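Per-entry structural report
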Amino acid sequence: MTSPKTLNVSRRDFLKIASVSTGGVAALAALGSGFRPFDAAAQANLSKQGTRIAYTACVMCPAECSLAVKVENGVASAIYGNPHAPLNSGVVCAKGASGLQMVYNVNRIKYPMIRVGARGEGKFKRVSWEEALDYIAEKLLKIKQRYGPESVIMDAGDVTDRDPYYYLFRAFGTPHTVEHGAICDTPRRHGPKLMFGGKRVEPDIMRPVLVRQPDGSLKNDYRYRTRLIVYAGWNPFTATRIVYESRGTVEAKLAGAKLIVIDPAFSNTATKADQWIPIRPGTDPDLFAAVLRYILENHSDEDPFRRYIDWSFLEYSQGWEAFEAAFRSWWNKKDPINGLNYFSLEWAAERTGIDAEVIAELAHTFGITKPAAWVWGMNGIGHHYNGYTAAIIGTALNVITGNMEVPGGAIDTELVKSDKGGKVKGDDFNKREVTRVINGKTVTGKQEELHMDLFGKWCAAWDDAVGDYPSRFLEGVELKYGPFRGHKYPIKAFIIRTGNPVITGSNTDAWIEALTAKDGDDYRVELVVYIDTPFLETGLYADVILPEASYLERMSLSDIYPSHQLIYLRDFVLEKLYESKTQYDIAMALARKLHEKGDPDIKPEEHWEKYPTEEDFWNEALKVAPGRNHCGYPLAYPQYPVNYKLLGTPDSLEAGRVTIDDEKKVIQGEPVTVQWLREHHGVAVWPMSWGRFHNGGVLKTDSKKVDFVWDYTVEKDGEKQRKGGYAKYNKLIEAAGEPTPGLREVGWEKYPSTFYWFETLWNPYTNPDYARYKDEYPFQVISGRIHHAMSGTQMVDWLGRIPTEDLWMPLNDDRVVEEVVIGPDGPTPTGRKVRIPKATWSIGVIQMNRADGERLGLKTGDLVELETPLGHKTRGKVYLVETIRPGVLRLPFGGGGRFSPGLGKTYDFRDVTPNANAIVDPDHHSPIMGSPIYGDMIVKVRKM
């Protein structure tokens with residue numbers, strides 16, 4: 001069987017496509033943005049003029065860059081990057097620079113509101129904070145008394161600063177305190193979690209890094225040592241969560257690195273690549289497996305041109321022999337979809353649509369080039385049913401080639417970032433002993449053992465299964481594992497803060513159905529509270545809306561993923577606008593109200609008496625910083641013992657103002673505080689090291705090694721103990737005698753102890769169950785990021801005008817619309833009619849290969865409808881380009897079908913823009929952690 005032809009892009013075509021990016025920059029300049037570097041001299045000059053510069057951290061996207069904000073007469077007038085912060089090194093992207101248009105947006109939520117119409121109608125009335133909190137507390141206590149506190153969910157959403165809410169609701173008694181990571185990309189993180197105890201592998205390209213020199217001094221190191229970066233389904237130039245990768249990738253290339261991008265679409269990152277490999281969606285695991293097989297089959301210790309494996313990895317790992325044997329066991333099995341042996345080059349070529357020769361060259365290049373980093377992304381891996389296998393193989397590739405934790409290689413940033421939170425996360429409350437009566441018997445256990453995922457439907461969902469909440473809202477919960485097995489309870493309250501699950505949390509219609517379902521005249525979920533600054537779609541279904549202060553009006557700590565320990569302070573820049581309150585304000589006010597109404601679990605000495613000010617609260621959170629083991633090379637502080645935990649400010653550790661506890665293996669300096677951070681431009685920086693996996697180091701596995709096995713037995717003090725990433729879940733399953741629904745779906749009785757494989761869903765090219773759909777539904781659908789913070793910034797004017805990624809384009813038609821703004825009583829018509837001229841506002845579009853479009857008789861701008869085999873539909877305008885693989889459609893995530901009036905012009909084009917999540921399969925979730933399968937769907941296209 002011959003291999004399918006690879007899509008190739010000539011250098012001439014490559015430069016033509018790249019010129020689109022240049023046009024985007026020109027468009028930005030035309031806006032008269034006046035972006036410029038901000039240095040110390042400029043700051044000093046502004047100070048003389050009586051202008052204040054405040055240091056804080058951004059929340060316009062999850063990168064959370066450190067900022068320097070210019071404030072004049074109490075008004076923020078400009079946003080710059082903080083030059084003292086190494087993560088973003090004084091620069092700020094378009095989202096960050098546009099932040100003032102969010103803070104001062106006419107459509108931000110200004111006052112507390114209570115619903116007066118049906119859910120979804122958008123009818124509210126303004127109330128006082130006292131009324132709103134009284135309403136919420138009354139409802140919560142009734143729910144708690146009738147159903148138990150476990151019937152309440154606190155979803156802290158898409159933004160950090162969540163600790164005050166976690167602390168309150170864990171104290172209230174619910175184990176259900178969650179955040180957006182649960183619906184983000186849990187399959188992508190699975191390999192590093194199992195094998196390292198981490199979750200986020202990135203290339204070593206954050207510069208500068210502060211490094212101990214041979215003479216004992218500390219200096220910033222600006223050198224790029226990376227020789228190769230492979231980005232698979234990862235587009236850091238647009239999806240800026242790891243902000244330093246935008247600049248670092250380009251700088252690494254200038255220093256001689258090669259860049260390979262594997263993506264069905266010619267992304268912004270691909271425009272700078274040496275090679276673009278347009279893979280078929282959902283086949284990244286197939287490609288990864290073929291690369292690993294090639295390396296294992298062709299490695300030679302004697303031949304320097306085929307010396308792919310660095311056997312030193314065996315010194316700090318365990319279980320490789322079992323993993324390799326399980327992986328090799330597939331090599332002689334025939335794939336029913338094509339009759340070829342699994343993981344062979346020919347097999348992978350058939351499934352991925354990439355020539356076998358290209359796959360072999362990729363494997364050889366990665367194996368022989370050192371240092372290198374193999375990095376996989378959210379859309380390419382995390383949004384697929386079987387993304388776990390790719391994450392596991394990708395992790396293994398970095399380890400066995402000797403690229404983990406070497407200068408210029410790959411780093412698990414979760415393991416090396418600074419710790420924060422400590423006691424104010426409220427974890428201690430989850431350890432409380434509670435009792436429930438189950439089938440007439442009183443049962444005792446821990447509060448955390450009431451968790452609906454970890455002891456219910458998704459027992460390995462360590463990041464929760466938020467995408468499956470609609471089914472729990474409708475059907476309730478039955479615990480299947482642990483001491484409370486058999487306990488049933490409904491979900492009666494959903495508090496969502498800075499999140500928008502109606503648009504981002506899986507299938508939109510499923511969320512709407514769950515939030516509007518009724519038992520008689522009453523809503524099944526009796527209380528929905530929406531807390532945020534912008535008014536997004538989920539707010540339309542709330543009973544109470546609370547205005548949270550914007551990121552320039554509150555305090556907290558940024559959640560960042562650097563190459564070594566950093567902390568950024570998010571500090572007060574402005575007075576709180578309108579009647580907004582900070583997350584600390586809201587949590588403490590609600591705690592007081594619950595206490596007043598008799599909640600026995602809310603004690604003054606654990607809340608407002610313990611943390612009387614916001615600064616007290618966040619000082620507690622900082623006590624655990626940096627909180628990582630002192631290890632690697634060069635050692636950060638050579639005068640101190642290795643593998644002791646470091647705590648305290650960088651200057652106190654450097655100067656020796658410490659106490660050393662040899663029993664606990666802790667080096668305690670002077671605690672980091674909010675005031676200390678203010679005195680140091682909002683930033684704390686501890687030195688960088690490499691080689692942090694050796695001798696345990698920063699690894700968080702049971703073995704303190706890289707684990708290639710995830711359920712194994714060790715003997716300690718004559719007693720056998722189960723260890724490994726899956727061991728505790730398997731013990732629960734064995735005790736209950738039944739697997740989770742997800743395990744049954746893939747034919748397992750429990751979680752495997754080492755390498756495993758299963759197919760994705762809705763892919764007719766890899767799964768025989770879906771081959772029958774290939775002709776009628778010929779297009780695979782994926783989504784892509786645009787320059788917005790998920791679904792939360794589409795009302796921002798600058799960002800609404802700048803085209804991005806062939807997904808967010810100025811294809812609006814000429815319209816006259818009735819102006820609606822978010823007033824004191826919610827969405828309110830102003831009576832004004834506003835004309836939006838043609839091609840003046842970017843809208844979400846459907847990216848389609850030009851040849852596909854012409855075959856269907858389509859041209860750019862035509863309105864089409866996409867329909868899935870399940871009957872789900874969405875519509876939008878097509879944008880015909882050469883920048884996507886034929887047979888693939890790409891939609892902007894959160895960029896279309898937006899029906900909240902708080903989104904300004906984006907709302908006005910809701911009828912001609914596609915909602916990617918309108919066509920997500922609502923009934924299937926990834927089988928291990930319950931994540932939505934955003935990237936697994938096929939459609940047919942009909943011109944409207």
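Chains are numbered independently. Their residues run from 1 in the order of the written sequence. The predicted origin of the model limits local features to residues at a pLDDT of at least 70 and limits the giving and counting of side-chain atom pairs to 80 or more, whereas totals for whole chains, interfaces and linings rest on all residues. Heavy atoms from the whole structure form the basis of all side-chain values; hydrogens and water molecules are not counted.

Thoughts on the overall build of the chain
For the chain, the helix and strand inventory stands at 30 helices and 45 strands. We compute the radius of gyration from the C-alpha atoms alone; for a globule the expected value is 2.2 Å times N to the 0.38, where N is the number of residues. Here the chain has a C-alpha radius of gyration of 27 Å; the compact-globule value for 944 residues is 30 Å, and the two agree. With the principal axes as the frame, the chain shows a C-alpha extent of 75 × 75 × 75 Å. Summarising the internal contacts of the chain: among those between residues at least 6 apart in sequence, 70% fall at separations of at least 24. In DSSP terms, a helix is any run of H or I states spanning at least four residues, a strand is any run of E spanning at least two, and both are numbered starting from the N terminus. Residues are treated as being in contact if the distance between any of their heavy atoms lies within 4.5 Å.

Some remarks on the packing of helix α10 (residues 284–298) against helix α13 (residues 356–368)
Between α10 and α13, the shortest axis-to-axis distance is 9 Å and the interhelical angle comes to 60°. Two packed elements cross with a definite hand, and for α10 against α13 that hand is right-handed. Taking contact as the criterion, the partners of L287, A290, V291, Y294 and I295 in α10 are, on α13, I359, A360, L362, A363, H364, F366 and G367. We call Asp, Glu, Lys and Arg charged. Ala, Val, Leu, Ile, Met, Phe, Trp, Tyr, Cys and Pro are nonpolar, and the rest, Gly among them, are polar. Across the contact of α10 with α13, the residue classes tally to 10 nonpolar, two polar and no charged. Axis lines are fitted to C-alpha atoms, over the contacting stretch for helices. Their N-to-C directions set the angle, which ranges from 0 to 180 degrees. By definition, any crossing whose near helix is turned counterclockwise from its far helix by less than a right angle is left-handed, and any crossing with a clockwise turn is right-handed.

Quick look at the environment of S246
In this fold, S246 is placed in helix α9 (residues 244–254). Sequence-wise, S246 and I205 are 41 residues apart; in three dimensions their C-alpha atoms are separated by 9.6 Å. Those residues within four positions of S246 in sequence are excluded, and the remaining contacts are P236, F237 and T240. Looking at S246, its side chain comes within polar contact range of the main-chain oxygen of P236, at 3.1 Å. Pairing of N or O atoms within 3.5 Å defines a polar contact, subject to two protein rules: one partner must be a possible hydrogen donor and the other a possible acceptor, and residues neighboring in sequence count only if both atoms are side-chain atoms.

With respect to α13
Expected span of a helix, by definition, is 1.5 Å for each gap between consecutive residues, and there is one gap fewer than residues. Counted at 1.5 Å a residue, the expected span for α13 with its 13 residues is 18 Å, and the 18 Å between its end C-alpha atoms agrees. Each residue is placed in one exposure class: buried if its accessible area under a 1.4 Å probe, protein chains only, is under 20% of its type's maximum, exposed if it is over 50%, and partly exposed if it falls in between. Of the residues making up α13, those classed as buried are A356, V358, I359, A360, L362, A363, T365, F366 and G367.

A look at the nonpolar core
Among buried residues, those of type Ala, Val, Leu, Ile, Met, Phe, Trp, Tyr and Cys that are joined through side-chain atoms within 4.5 Å constitute a nonpolar core. In terms of nonpolar packing, the biggest core is built from 199 residues, with F196, F343, F473 and F708 touching the most fellow members. Ignoring any residue separated from it by four or fewer positions in sequence, one finds F473 in contact with I153, I491, F494, W511, A514, L515, R524 and V525. Core analysis: the second largest hydrophobic core is formed by 61 residues, I114, F429, Y637 and I667 among them.

Section: a positive patch on the surface
Taken together, the side chains of K193, K645, K700, K704 and K728 present a region of like positive charge at the surface. Examined against the element boundaries, K645 turns out to sit in strand β29 (residues 645–647). A patch consists of residues whose relative accessible area exceeds 30% and which take part in no salt bridge; residues with like charges are grouped when within 9 Å of each other, and nonpolar side chains (Val, Leu, Ile, Met, Phe, Trp, Tyr) when within 5 Å. All accessibility values rest on the Shrake-Rupley procedure with a 1.4 Å probe; residue burial counts only the protein chains present in the view. Salt bridges, as used here, are contacts in which a Lys or Arg side-chain nitrogen is within 4 Å of a carboxyl oxygen on Asp or Glu. Only four residue types enter the tally: Lys and Arg on the positive side, Asp and Glu on the negative side; His and the chain ends are excluded. Here the site of a charge means atom NZ of a Lys, CZ of an Arg, CG of an Asp or CD of a Glu.

Section: the pairing of strand β6 (residues 152–155)
Covered by surrounding structure in β6 are V152 and M154 together with I153 and D155, the residues of both alternating faces. As paired strands, β6 and strand β21 (residues 493–497) are joined by four bridges and run parallel to one another. From the neighbouring strand, D155 faces β21, where its bridge partner is I496. A pair of strands counts as paired when DSSP detects no fewer than two bridges linking them. Pairing of β6 with strand β7 (residues 177–178) involves two bridges; the strand directions are parallel. If you follow D155 over to β7, its bridge partner there is V178. Call a crossover right-handed when, viewed with both strands pointing away from you, the route from the first strand across the helix to the second goes clockwise. One crossover worth recording links β6 to the parallel β7 by way of helix α6 (residues 163–172), and it is right-handed.

Topic: the side chain of R241
One can find R241 in the loop between β11 (228–232) and α9. Look at R241 and you get buried, because its relative accessible area is 14%. From its side chain, R241 meets the backbone oxygen of D559 in a polar contact 3.3 Å long.

Brief notes about the sheet that holds strand β25 (residues 544–547)
What the seven strands build is an open sheet, ordered β5-β4-β25-β24-β21-β6-β7; its pairing is mixed. Every other strand in the sheet has two partners, leaving β5 (124–126) and β7 as the edge strands with one partner each. Looking at chain direction, strand β4 (residues 113–115) and β25 are connected through two bridges and run antiparallel. Its bridge partner lying in β25, M113 is registered against I545.

Structural notes on the confidence of the model for the chain
Segments scoring low in pLDDT should not have their predicted coordinates read at a detailed level. Per-residue confidence from the predictor is reported as pLDDT, which spans 0 to 100. On average, residues of the chain carry a pLDDT of 93, and 95% of them reach 70 or more. Within the model, the stretch residues 1–38 combines pLDDT values under 50 with 48 contacts to residues more than four positions away or in other chains.

Focus: the packing of α6 against helix α22 (residues 583–596)
Angle between the axes and distance between the axes are the two parameters that describe a pair of packed helices. Look at α6 against α22: their axes get within 8 Å of each other, and the N-to-C directions meet at 20°. When the axes of α6 and α22 are compared, the pair comes out roughly parallel. For the pair α6 and α22, the sense of crossing is left-handed. Residue-level inspection shows P164, Y165, L168, F169 and F172 of α6 in contact with α22, the latter providing Q583, Y584, I586, A587, L590, A591 and L594. Across the contact of α6 with α22, the residue classes tally to 11 nonpolar, one polar and no charged. Roughly parallel here means an angle under 35 degrees, roughly antiparallel means over 145, roughly perpendicular means 65 to 115, and every remaining angle is called oblique.

A few points about the pattern of salt bridges
Oppositely charged side chains can pair when the atoms bearing their charge come close. Counted according to the given criterion, the structure contains 69 salt bridges. The salt bridge involving R293 is made with E297; its shortest N-O contact spans 3.3 Å. Highlighted residues: R293 and E297, both in helix α10, separated by four residues, approximately one helical turn. Taking the shortest distance from any N to any O, the salt bridge between D335 and R351 comes out at 2.5 Å.

Examining the pairing of strand β18 (residues 441–446)
Across six bridges, the pairing between strand β17 (residues 433–438) and β18 is antiparallel. Its bridge partner being in β18, I438 is matched across the sheet by K441. Where β17 hands over to β18, the hairpin turn is made up of two residues, of which N439 adopts a positive phi near 55°.

With respect to the environment of P214
For P214, the location among the structural elements is in the loop between β9 (209–212) and β10 (218–221). Taking relative accessible area as the criterion, P214 reaches 87% and is therefore assigned exposed. In sequence terms P214 and V466 are 252 residues apart; their C-alpha atoms lie 49 Å from each other.

A look at the side chain of R188
Its location among the elements puts R188 in helix α8 (residues 186–196). Leaving out residues up to four positions away in the same chain, R188 has contacts with R200, W234, W376, G377, M378, I381, G382 and A391.

Focus on the packing of aromatic side chains
Only Phe, Tyr and Trp rings are paired, with Trp represented by its six-membered ring, and only when their centres lie within 6.5 Å; those with planes under 30 degrees apart are stacked, over 60 edge-to-face, the remainder tilted. All told, the structure shown has 57 aromatic pairs when counted by the stated rule. Throughout this description, the term charge over a ring refers to an Arg CZ or Lys NZ atom that lies within 6 Å of the ring centre and within 35 degrees of the ring normal. Directly above the ring of Y111 sits R126, whose terminal nitrogen or CZ lies 3.6 Å from the centroid. Taking NZ or CZ as reference, R188 lies 4.8 Å from the ring centre of W234, over its face.

Thoughts on the sheet that holds strand β32 (residues 683–685)
Taken in spatial order, the three strands line up as β26-β27-β32 in an open sheet, and their pairing is antiparallel. Since the sheet does not close on itself, it has two edges, and those belong to β26 (556–557) and β32, each with one partner. Looking at chain direction, β26 and strand β27 (residues 566–570) are connected through two bridges and run antiparallel. In the sheet register, S556 faces β27, and the bridge partner there is R570.

Quick notes on unusual backbone geometry
With an omega of 5°, the peptide bond running from R207 to P208 counts as cis. The omega torsion of the bond from A625 to P626 falls at -5°, within 30 degrees of zero and hence cis. The residue P626 is located in strand β28 (residues 626–629) in this model. Phi is positive for N73, close to 55°, though the residue is something other than glycine. With respect to the helices and strands, the residue N73 is situated in the loop between β2 (66–72) and β3 (75–81). Classification of N73 as exposed rests on a relative accessible area of 82%.

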